[in-house]
Amino acid sequence: MSLIPAWLIARKQLRLHPFENTHGTPVSGQIDVSIALAVGATIPHERSMNLGFDFSLSGANLTALGSGALWWAEHRLLCVSDLHLGKSERIARRGGTTLPPYETRDTLTKLTHDLERCAPQTVVALGDSFDDLGAANALPADERNWITKLQAGRRWIWIEGNHDPGSVKLGGTHMVELKLGALSFRHIATPAAQGEVSGHYHPKAALNVGRRSISRPAFLYDEARLILPAYGTYTGGLRTDSEPIRSLMSAKACAILTGPHPTAVPMPR
Amino acid sequence: MQSLPPQFTRWFASKGWTVHSHQQEMLNRSDAPALLLIAPTGGGKTLSGFLPTLTDLAHGDHDGMHTLYISPLKALAADIKRNLTTPVTEMRLPIRIEDRTGDTSQTRKRRQRADPPHILLTTPESLALLTSYEDAPRMFKGLKRVVIDEIHALAESKRGDQLMLALARLQTLCPDLKRVGLSATVEDPAAIARFMARHPDPCPILLADPGPPPDVQMLRTSEAPPWAGGGAAYAIPAVLDQIRQHNTTLIFHNTRAQAEIFFHNLWLANDDSLPIGIHHGSLDRTQRERVEAAMVRGELRAIVCTGSLDLGIDWGDVDLVIQIGAPKNVKRLVQRIGRANHRYNAPSKALLVPANRFEVVECVAAVEAVLDGELDGEPRGPGPRDVLCQHILITACAGPFDADTLFTEVTSAGAYASLTRPEFDACLDFCATGGYALRAYDKWQRLVQRDGFWSLRDPRSSQRIRMNIGTIQDTDTLKVRMKRNRGGKPLGEIEEDFAASLTHGDTFLIGGQIVKYEGLREMTVEVSRDAVKKPRIASFMGAKFATSTQLSARVQRMFTQDSWPELPDHTAEWLALQREVSQLPQPGRLLIESFPHDGHAQTVFYGFAGRNGQQTLGLLLTKRMEDLGLHPLGFVATDYATLIWGLDPVTDPAPLLDPMALQDGLDTWLAGNAMMKRTFRASATIAGLIERNTPQARKSGRQATFSSDILYDTLTKYDPDHLMLDITRQEALRGLVDFARIQEMLERIDGRIDHRVLRKVSPLAAPLFLEVGRVPVKGAAEERLLAKEAARLMEASGLANLTPPPSDTPRWRVGG
């Protein structure tokens, strides 16, 4: 018996195909998103499970998923913000470091999972979907095809963000903002809005539990608005006690911490 | 024998000094390609290093730079400049001396590159930066000697590895360069000689007279130290008494937080208003400089300090060194003791002040070790590859290079002599393309090969590389300022994690004052003065010192004794009490204590396996506890024991230690641990994968930057063979984990476990609660705590009534 873990000694025998993740499941190039799911079929094993944290905004009943995506059941709409796809490519192009070029596939893997779980009819990408337009156009073919497969059989809306202000050569509709029912979707929050869903700030909330501070990306909502956390893998966060988040959110604001069990707390400020 | 020029002899005579024999010897052997001098503090070591330079330059016929002096401290470079300027001025020598550190002005730096001084005093980081410029060959033209001061301190860290790579570069530019190393007393001089000489040049070692043995004792106090506690508050009156009896006292602490608390208490008890200062690395530079200046002028009677005053600066009048808390390491203790009495041939005087009774045992062991002349140290292993990656990038900044030539140059540094070509090529590939299994950066490589030479693809990236030169790993800190209308007085820095745990109105100590947290503005913590008596404590980065194996073995031996005549009564009684309420750890058996404390279930494993071993045990056991649903929250390891706290008590430890089960799923657990992530962050920063400084200010807020943990997770998931993970694992094996030791321990105890279930903390366990370096476990317990705290907050705020809680009966279900 040797306690010395193989992981520390040698990795060679564990080498994976670059398109496989550590679970050995294909994540790229061989995506099989069932169209059947997209038209609202039921998912048996999810039947008795709560999807996330339920709340309402301007009368719309919404669910915050632990992944950082927003689900609006009434319209079968899934909204994700700040994917920042292609970030590593943009940084390298600008003479920065060469970060692990796996963030796009990691983000798409997460998104694929949420799409399989919810089977939305509409997907809203709430801006900063790409780290810049150059990164959008430089996406490798397999990642581009992956997005196309995810779009099949559903309505897909790209909302413009400050990082990607313009159209990209991918399927879907491009909009500055989207109004649906009582809600309006735009990238950056506007001060006087009502029923507004936005992203941009990458909010994260920190909670002191005993001696440790647990900090996670968080949804923020009050009577007037909802701000989504960043969904992309290579994204950081802005604490809720920083400006401008503090001034933007009312005294009654709550933060929903993402994670295995999305949890609401009064927004730390 | 090489004789001194007449003006030197006259000058020495005018001072009433004679040339020490080791100074003469250094002069005689000034032609050696490398020479190492081991001398105690106050032995005229620096002058020994410079005598050959001064005599050579006395003729006034040398053009350009002659001697490069490297010290680990900026302050030391400035101090040496003062000390050298005196003889140079008094002997009217035609020598220009200048220092160059991070604090030197830009204009001055530019001028130095155009018109270098004869003697340049600098630090390893500033030297690395100089070698990154295209005009480096011109600046260093004619360089004859390099003097490396306090080389024992540099040889222990990556700063030294970086320095030696820079010297390899200089040696190519100036083939006749002679190297001189100046070192305090160390356990293995030959290792330092190998480290500093060009491989495979010989490096003779000169040993100066070590001087009389130090006078080191444990401070006797009428009051007994507490069972636990790190403040040593009980000793305040006795320490004040000692300060009164001496000219100047240095009071060393192992951590910045302890220094702050002690200074605070000392100040409260300082009825005679003795001038006492505080000095540590988290204080604002202007504050530190004020203390240093006051000290040089002889205005201070005592300075409460940390490792920031471990090295070099000649304070002159220090006649007592007090060490608060167990010294943990004999070599460092001896070097600290050397800070007292910088006069040659006078014994240094030192007092050890244990902060609690466990430390009494450790202090007694340390005093014995000092008197036995027993020094400790661990061999360092081959040159770290993250430093090599940075060196490759620095080389590229200076201009196109040939890989074969660079490989030859790099392997001339002692630490890298055994570096293989494939290892080198992997580092070069990492610098050029990122080295990923997925070749994504063909178009945007950092380095490209043109006509056989490697160079930067984008010349602008040299600025970013230069901004990130260095190997010192600071934790992320935030500046602390008094809140005023426009930028109040800067006080120092606190760790970002600590800042994150502060809420409005919390109080903490910094620079000896109690301040109140007001808020965070643009990455600065704003505070106001506060008059409360009991602050929350600032958790500064605790440089965690491991007790050396030798000291640890001495302590373990003491535990097996029947009685302890060498210990003060209070401590002998304390050990007897441990025997009564629980037991003392016995060789060949594993003592485990479980008890509730601080709202958590605590379990202590006394494995005596050294810190790396105990840390490994912590990793293994928390994994088993997570598997078994015991909800572990974290652990902390010392050299003797591992303390684990969690939500559920351990009732039967045997299944936890089942070797087969320990191995199951260990790889994943280990890879995901916070400790590995910390190691990764340090190496990835040094290797240039993570840039701490970018031309765009950090001010813009944090959403633009993301945690290095994300990079780590991404790499382990998609590219587990990547060089950075390989380096991380190697670093962990060399300084964090020790599986072999735990395996050996498990075999030795062979199931002989003494499990004591106690109602409260045992005497021996109490000091563990003060240890820094706690490793969090992010498992199921965190989710449970989070849910509970969230529910409490929602209820307290009244928002729970307004918001539908995440109930058991969701209003909406998929397909429902």
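The structure presented is a predicted model; accordingly, all values stated were derived computationally and were not measured.

Rules of the game
- Residues numbered from 1 in each chain as written.
- Chains lettered and ligands numbered in written order.
- Predicted model: local features only at pLDDT ≥ 70, side-chain atom pairs only at ≥ 80, totals over all residues.
- Heavy atoms only, no water.
- Helix = DSSP H or I, 4+ residues; strand = E, 2+ residues; numbered from the N terminus.
- Buried < 20%, exposed > 50% of the residue type's maximum accessible area, 1.4 Å probe, protein only.
- Contact = heavy atoms within 4.5 Å.
- Areas by Shrake-Rupley, 256 points an atom, 1.4 Å probe, with all protein chains shown as cover.
- Axes fitted to C-alpha atoms, helices over the stretch in contact; angles between N-to-C directions.
- Parallel < 35°, antiparallel > 145°, perpendicular 65-115°, else oblique.
- Left-handed = near helix turned anticlockwise from the far one by under 90°.
- Nonpolar A, V, L, I, M, F, W, Y, C, P; charged D, E, K, R; others polar.
- Core = buried A, V, L, I, M, F, W, Y, C linked by side-chain atoms within 4.5 Å.
- Patch = residues over 30% accessible without salt bridge, like charges linked within 9 Å, V, L, I, M, F, W, Y side chains within 5 Å.
- Salt bridge = Lys/Arg side-chain N within 4 Å of Asp/Glu carboxyl O.
- Lys, Arg positive; Asp, Glu negative; His and termini not counted.
- Charge placed at Lys NZ, Arg CZ, Asp CG, Glu CD.
- Phe/Tyr/Trp six-rings, centres within 6.5 Å; stacked < 30°, edge-to-face > 60°.
- Lys NZ or Arg CZ within 6 Å of the ring centre and 35° of its normal.
- Pairing = 2+ DSSP bridges.
- Arc of directions from axis to C-beta.
- pLDDT = per-residue confidence, 0-100.
- Expected span 1.5 Å × (residues − 1).
- Bend = angle between axes of the 7 residues up to and from the residue.
- Disulfide = S-S within 2.5 Å.

**Observations concerning the overall build of chain B**
- Each helix and strand in chain B was counted, giving 30 helices and 26 strands.
- Within the span of chain B, comprising 816 residues, buried residues form 57% of the whole.
- Intrachain contacts of chain B at a sequence separation of at least 6 include 73% that bridge at least 24 residues.
- If you sum the accessible surface of chain B, you get close to 33000 Å²; carbon and sulfur atoms cover 51% of it.

**Regarding the overall build of chain A**
- Scanning chain A from N- to C-terminus turns up 7 helices and 16 strands.
- Expressed as a percentage of the 269 residues in chain A, the buried residues total 61%.
- Taking all contacts inside chain A whose residues are at least 6 apart in sequence as the whole, residues at least 24 apart take part in 65%.
- Total accessible area computed for chain A in this model is approximately 9800 Å², and 55% of it derives from carbon and sulfur atoms.

**Things to note about the packing of helix 4 (residues 103–118) of chain A against helix 6 (residues 141–151) of chain A**
Residue and element names in this part refer to chain A.
- In contact at an axis separation of 11 Å, helix 4 and helix 6 are set at 15° when each is read in the N-to-C sense. With respect to their mutual orientation, helix 4 and helix 6 come out roughly parallel. In the crossing of helix 4 with helix 6, the sense of the turn from one axis to the other is left-handed. Only Asp142, Glu143, Trp146, Ile147 and Leu150 of helix 6 make contact with helix 4, whose side of the interface consists of Thr104, Arg105, Leu108, Thr109, Leu111, Thr112 and Leu115.
- Split into classes, the residues belonging to the contact of helix 4 with helix 6 amount to 6 nonpolar, 3 polar and 3 charged.

**So, the nonpolar core**
- Residues Leu68(B), Phe140(B), Ile392(B), Phe424(B) and Leu447(B) are the most contacted members of the largest nonpolar core, which totals 114 residues.
- Membership of the second largest hydrophobic core comes to 80 residues, among which are Leu248(A), Val321(B), Ala340(B) and Ala366(B).

**Focus: a positive patch on the surface**
- There is a patch of like positive charges on the surface, built from Arg290(B), Arg484(B), Lys489(B) and Arg529(B).
- Residue Arg529(B) is classed as exposed on the basis of its relative accessible area, which comes to 52%.

**Topic: the packing of aromatic side chains**
- Inspection of the entire model under this criterion finds 21 aromatic pairs over all chains.
- Pairwise contacts between aromatic rings join Phe358(B), Phe559(B), Trp574(B), Phe608(B) and Tyr640(B) into one cluster.
- Here the basic side chain of Lys110(A) rests over the ring of Tyr231(A), its NZ or CZ set 4.3 Å away from the ring centre.
- Geometry around Tyr133(B) places Arg113(B) over its ring, the cationic atom sitting 3.6 Å from the centre.

**Some points on the pairing of strand 6 (residues 155–159) of chain A**
All names here are of chain A.
- Counting buried residues in strand 6 gives 4 out of 5 residues, a clear majority hidden from the surface.
- Two strands pair when backbone bridges link them, and strand 6 and strand 7 (residues 173–175) are joined in this way by 3 bridges, in the parallel orientation. Looking at the pairing, Trp158 lines up with His174 of strand 7.

**Structural notes on the packing of helix 16 (residues 385–398) of chain B against helix 17 (residues 403–410) of chain B**
Residue and element names in this part refer to chain B.
- Packing of helix 16 against helix 17 brings their axes to within 12 Å, and their N-to-C directions diverge by 130°. When the axes of helix 16 and helix 17 are compared, the pair comes out oblique. When you trace helix 16 past helix 17, the crossing you get is right-handed. Between helix 16 and helix 17, the contacting residues are Leu388, His391, Ile392 and Thr395 on the first element and Leu406, Glu409 and Val410 on the second.

**What about the pattern of salt bridges?**
- All told, the structure shown has 48 salt bridges over all chains when counted by the stated rule.
- The shortest N-O distance in the salt bridge between Arg244(B) and Asp241(B) comes to 3.1 Å. Of the two residues, Arg244(B) and Asp241(B) are both situated in helix 11 (residues 236–245); the distance of 3 residues between them amounts to about one turn of the helix.
- Residue class for Arg244(B) comes out partly exposed when judged on its relative accessible area of 38%.
- The salt bridge partner of Arg446(B) is Glu691(B), with a shortest N-O separation of 3.6 Å. With a gap of 245 residues between them, Arg446(B) in the loop between helix 18 (421–433) and strand 14 (447–450) and Glu691(B) in the loop between helix 26 (674–687) and helix 27 (708–718) connect regions that are remote in the sequence. Exposure class is identical for Arg446(B) and Glu691(B). Each is buried.
- Taken together, the salt bridges that share partners define one network made up of Lys87(A), Glu89(A), Arg90(A), Arg93(A), Asp131(A) and Asp132(A).

**A closer look at helix 10 (residues 189–196) of chain B**
All names here are of chain B.
- Within helix 10, burial applies to Pro189, Ile192, Ala193, Phe195 and Met196. The buried residues of helix 10 occupy one face: seen down the axis, they fall within an arc of 160°.
- Check the buried side of helix 10 and you find it contacts strand 1 (34–38), helix 8 (151–154), helix 9 (158–173), strand 6 (178–183) and strand 7 (205–207).

**So, the sheet that holds strand 4 (residues 77–80) of chain A**
Residues and elements named next belong to chain A.
- The 7 strands are arranged 1-2-3-4-5-6-7 in an open sheet whose pairing can be described as mixed. Of all the strands in the sheet, the pair left with one neighbour each is strand 1 (52–57) and strand 7. When strand polarity is set aside, the average angle formed by the axes of neighbouring strands in this sheet is 25°.
- Where strand 1 lies against strand 2 (residues 60–65), 6 bridges are found, and the strand directions are antiparallel. Paired with Phe53 across the two strands is Ala64, which belongs to strand 2.
- Along the sheet face, helix 4 touches strand 2, strand 3 (70–72), strand 4, strand 5 (122–125) and strand 6 and points at about 160° away from the line of strand 4.

**Thoughts on the confidence of the model for chain A**
Residues and elements named next belong to chain A.
- Looking at chain A as a whole, its pLDDT mean stands at 83, while 81% of the residues score no less than 70.
- Averaged pLDDT values over the elements of chain A bottom out at 32 in helix 2 (residues 35–38) and peak at 98 in strand 4.
- Scored below 50 in pLDDT, residues 10–49 shows 58 contacts in the model against residues more than four places distant or in partner chains.

**Quick notes on the side chain of Gln287(B)**
All names here are of chain B.
- Mapped onto the elements of the fold, Gln287 is located in helix 13 (residues 285–296).
- We classify Gln287 as buried; its relative accessible area is 15%.
- Apart from residues lying up to four places away in sequence, Gln287 is in contact with Pro490 and Leu491.

**Quick notes on the confidence of the model for chain B**
Residues and elements named next belong to chain B.
- Mean pLDDT for chain B: 84, with 90% of residues reaching 70 or above.
- Low pLDDT, under 50, characterises residues 540–544; the stretch is placed with 23 contacts to residues that sit more than four places away or in other chains.
- In this model residues 804–816 is a low-confidence stretch, pLDDT under 50, and it forms 23 contacts with partners more than four residues away in sequence or in other chains.

**Points about helix 3 (residues 45–57) of chain B**
All names here are of chain B.
- Taking 1.5 Å as the rise per residue, helix 3 with 13 residues should run 18 Å; its terminal C-alpha atoms sit 19 Å apart, in good agreement.
- Of all the bends found along helix 3, the most pronounced is centred on Leu51 and spans about 40°, while Pro52, a proline, follows it within four residues.
- Burial analysis of helix 3 places 11 of its 13 residues in the buried class, the great majority of the element.

**Some points on the pairing of strand 21 (residues 590–597) of chain B**
Residue and element names in this part refer to chain B.
- A large share of strand 21 lies buried, amounting to 6 of its 8 residues.
- Bridge analysis of strand 21 against strand 25 (residues 753–757) gives 5 bridges, and the strand direction is parallel. When the bridges of strand 25 are listed, Ile592 appears paired with His755.
- As paired elements, strand 21 and strand 22 (residues 600–606) share 7 bridges and run antiparallel to each other. Note that in strand 22 the partner of Leu591 across the bridge is Tyr606.
- Hairpin connection, strand 21 to strand 22: the antiparallel pair is bridged by 2 residues, and Asp598 has positive phi, about 60°.

**Considerations on the state of the cysteines**
- Under the defined criterion, the tally for this structure stands at 0 disulfides over all chains.
- As a non-bridged cysteine, Cys431(B) has Cys389(B) as the owner of its nearest cysteine sulfur, 4.5 Å distant.

**Structural notes on the environment of Arg108(B)**
Residue and element names in this part refer to chain B.
- Structurally, the position occupied by Arg108 is in helix 5 (residues 106–114).
- Relative accessible area serves as the criterion here: at 27%, Arg108 is assigned to the partly exposed category.
- C-alpha of Arg108 to C-alpha of Glu98: the two residues are 10 residues apart in sequence and 9.8 Å apart in space.
- Apart from residues no more than four positions distant in its own chain, Arg108 is found in contact with Lys81, Glu98 and Asp99.

**Points about the environment of Lys81(B)**
- Assignment of secondary structure puts Lys81(B) in helix 4 (residues 74–90).
- In this structure Lys81(B) touches Ile97(B), Glu98(B), Asp99(B), Arg108(B) and Leu121(B), once residues within four positions along its chain are discounted.

**Observations concerning the side chain of Ser184(A)**
- You can see Ser184(A) is positioned in strand 9 (residues 183–186).
- Once you skip the residues sitting within four places of it in the chain, Ser184(A) turns out to touch Glu177(A), Leu178(A), Lys179(A), Gln194(A), Gly195(A), Glu196(A) and Val197(A).

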